[in-house]
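Residues per chain are reported as follows:
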Amino acid sequence: MSVRDDPLLRLDRVSVALRQGGREMVSGVSLSVGRRELFGIVGESGSGKTLFTRTVFGLHDDAVVSGGEVTFDGRTMPAKSHHTEMKRLLGKRIGFIPQDPFSSLNPSMRVGAQITEALYLARGLSPKSREARDAAIAVLAEVGIPEPDIAFRQFPDQFSGGMRQRIVIAIVLAQEPELLIADEPTTALDASTQRLIVDLIVERSRTRGLSVILISHNLELLRQSMDRIGVLYSGQFLNLFQADQLAHQEVHPYTQALFDCIPTKDKTLADIRPIPGEPAGAGFGLAGCSFADRCAFAKDRCCATPLPINDAGQARFSACIIGKGA
Amino acid sequence: MAYILQRVAFSALSLFVLVFITFLLSHVVPGDPAIAAAGPNAGAEKIAALRTEMGLDEPFVTQFLIYCGNILQGDLGTSWFTHQPILDDLLRELPPSLELVVIAMVINLAISLPVGLLTARYNGTTFDDIVRLFAMAGAGLPIFWTAILLQQSFAADWQLFPVAGRIGFEYRAFEGITGFYLLDSILRGRPDVFFDVLSHLILPAFALSLLFTAVGVRITRTSMIGEFRKDYVTLARAKGAGEGRIMFRHVFPNGATPSLTVFGMQFGWMLGATVLVEEIFGRPGIGRYAVKAVTQSDIHGVVAVVFVVGLVFLLANLAVDMTLYALSPRKRAEG
């Protein structure tokens, strides 16, 4: 995979801060997402993954990109007009799937109208036209909605959570973006539906040749379906690794600790090790590693030494200063 | 369909409770209706005869059933003061009041909905703070005080609007058809009368609506803020929708629903509040009728006004429920 060659999206030391008070919530994120690459971002609740992604893609009102460079398809966005530039890309080249399908569809608008609106915004198709209607029904069929021509006329509350998330995916796919961002698209769904939805996103993106950023707190889900994974912990970018080479490579102690608490069929209950302590929230502006107080390998200097940053934009990276996973 | 029947049945039940309470009211107020009706010079025999004639000797439940039967026949009793059937009085007094309430409601909606939507969108900005300050102050102003202030400044001092009355002196011969002068003047093709009647309505309608508008803005703002936080707004933004499209096509239809319920209730409350405004602006209407009935101890009149105001309140709420039902996704999905 040619990840490094001309990536679709490149983040260079990107930081995100609250608009009011300017507190830095996430800092120093450097990563790139290649064309047709599936990229996972994992983090616990409060790690800042949702805040970070929403802010970078111009969908957060209360936070701003406070540092670093965002480059999309070779074009670096000027820091001052980041929001405006992003708005121009949203709905045309970048698609976004929000977390909760029970609130991400407009309850008073028919499913069909929500898709034809997307078609109008992306391609200028008249929402009432035959062409828009046919395209909407086709994309509903593509995401596996049974009887799409009936669904076209129905309202969101007539569908289950899994079906709603499929409709959201249909809305986003209808706009034919190049980059698809999914913010915890399965959190509100039950376990078996989660699998189906992630599989659908992966399969559709592979077929259509999209790049994907999938955010989740479920590391195992990401490992099984993504190409590369980035790890966020309390606002710090700790690790970046290739999902399929896990067996052959060492990972950051935090990533390892996350894997250690995933139950699998070759683990007994005693093998499942919860991470000691409480997850630290984002936004404390620590100089050192925020995972140090829970880390089994931590040394004194972990808390004091400034956290390394993925300067060179490498495909693999570990922020561990004692050399774990680097 | 089941829902509609359920709402109608519920309203009918509420109406029954309302009738019971008004009936109770007429019994707990001090004074013997028979003595009052007989007049000051009547002897004990005449009073006793009247009491039998008025059904006051009957048990409480029997009296209540008779009262219900009378209402069903459209008989609200006879005024002790005008000696007219109260129903005729009310049919004459209700149109001017409803006209006032409708105009006040139009003002209320025309301000509450857009201002509520905009303050929700610009939540936390200086604009929002200023509007909230005014809404708070407006909600705290008593209606009679607002009415007097408006009358003093806009009518008396600056003479922009008539001080009092329903229609100008030069149009006093104007004959209505429905009793709603705005409508009548259009039906009769009299734009001059229309604008005269409207100018008489503006100040009282503003005075009546201010408090309700302040509440309406706050309620609309709160429900719209809730909508702006929902993920469908995020998805709409991600789809590339502009702020105008998000506000009017996405947020507004969803956020207006809770406000509509409140506006339905406000309609009934406004009719009750006409008591203050009509008295100050010297307008005929049910509120002024009520004041007269109270000062003349005309119990039947007071009870009838309470009943009619309650009835309008229930009907307005029923109408809102029906509208919301007709607009709800489930209903439209059926149709």
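Residues numbered from 1 in each chain as written. Chains lettered and ligands numbered in written order. Predicted model: local features only at pLDDT ≥ 70, side-chain atom pairs only at ≥ 80, totals over all residues.

## As for the interface of chain A and chain B
In this assembly, 26 residues from chain A lie in contact with 16 residues from chain B. Contributions of two or more residues to the side of chain A that touches chain B are made by β6 (94-97), α3 (111-123) and α6 (161-174) of chain A. The biggest single contributor to the side of chain A that touches chain B is α3 of chain A, with 4 residues. For the side of chain A that touches chain B, the class distribution of residues is 12 nonpolar, 10 polar and 4 charged. (Contact = placed C-beta atoms within 7 Å. Helix = DSSP H or I, 4+ residues; strand = E, 2+ residues; numbered from the N terminus. Nonpolar A, V, L, I, M, F, W, Y, C, P; charged D, E, K, R; others polar.)

## Section: the packing of helix α7 (residues 143-157) of chain B against helix α11 (residues 243-280) of chain B
All names here are of chain B. Between α7 and α11, the shortest axis-to-axis distance is 9 Å and the interhelical angle comes to 25°. Classified by the angle their axes make, α7 and α11 are roughly parallel. As for the relative orientation of α7 and α11, their crossing is right-handed in sense. Contact residues: α7 offers Ile143, Phe144, Ala147, Ile148 and Gln151, while α11 offers Ala273, Leu276, Val277 and Ile280. Taken together, the residues that form the contact of α7 with α11 break down as 8 nonpolar, 1 polar and no charged. (Axes fitted to C-alpha atoms, helices over the stretch in contact; angles between N-to-C directions. Parallel < 35°, antiparallel > 145°, perpendicular 65-115°, else oblique. Left-handed = near helix turned anticlockwise from the far one by under 90°.)

## Points about helix α9 (residues 253-260) of chain A
For α9 of chain A, every residue scored as buried is listed here: Pro253, Tyr254, Thr255 and Leu258 of chain A. On its buried face, α9 of chain A sits against α8 (219-225), β9 (228-233) and β10 (236-242) of chain A. (Buried ≥ 20, exposed ≤ 12 C-beta atoms within 10 Å, placed from the backbone.)

## Thoughts on the pairing of strand β8 (residues 211-216) of chain A
Residues and elements named next belong to chain A. Within β8, 6 of the 6 residues are buried, which leaves the element mostly enclosed by the surrounding structure. Residues Ser211, Ile213 and Ile215 line one face of β8 and the alternating positions Val212, Leu214 and Ser216 line the opposite face, and both faces are buried. Note that strand β3 (residues 38-42) and β8 share 5 bridges and pair parallel. Along β8, the bridge assignment pairs Ile41 with Ile215. Where strand β7 (residues 179-183) and β8 come together, 5 bridges link them in parallel fashion. Note that in β8 the partner of Ala182 across the bridge is Leu214. As a crossover connection, the stretch from β7 through helix α7 (residues 191-208) into β8 is right-handed. (Pairing = 2+ DSSP bridges. Right-handed = clockwise from strand over helix to strand, strands pointing away.)

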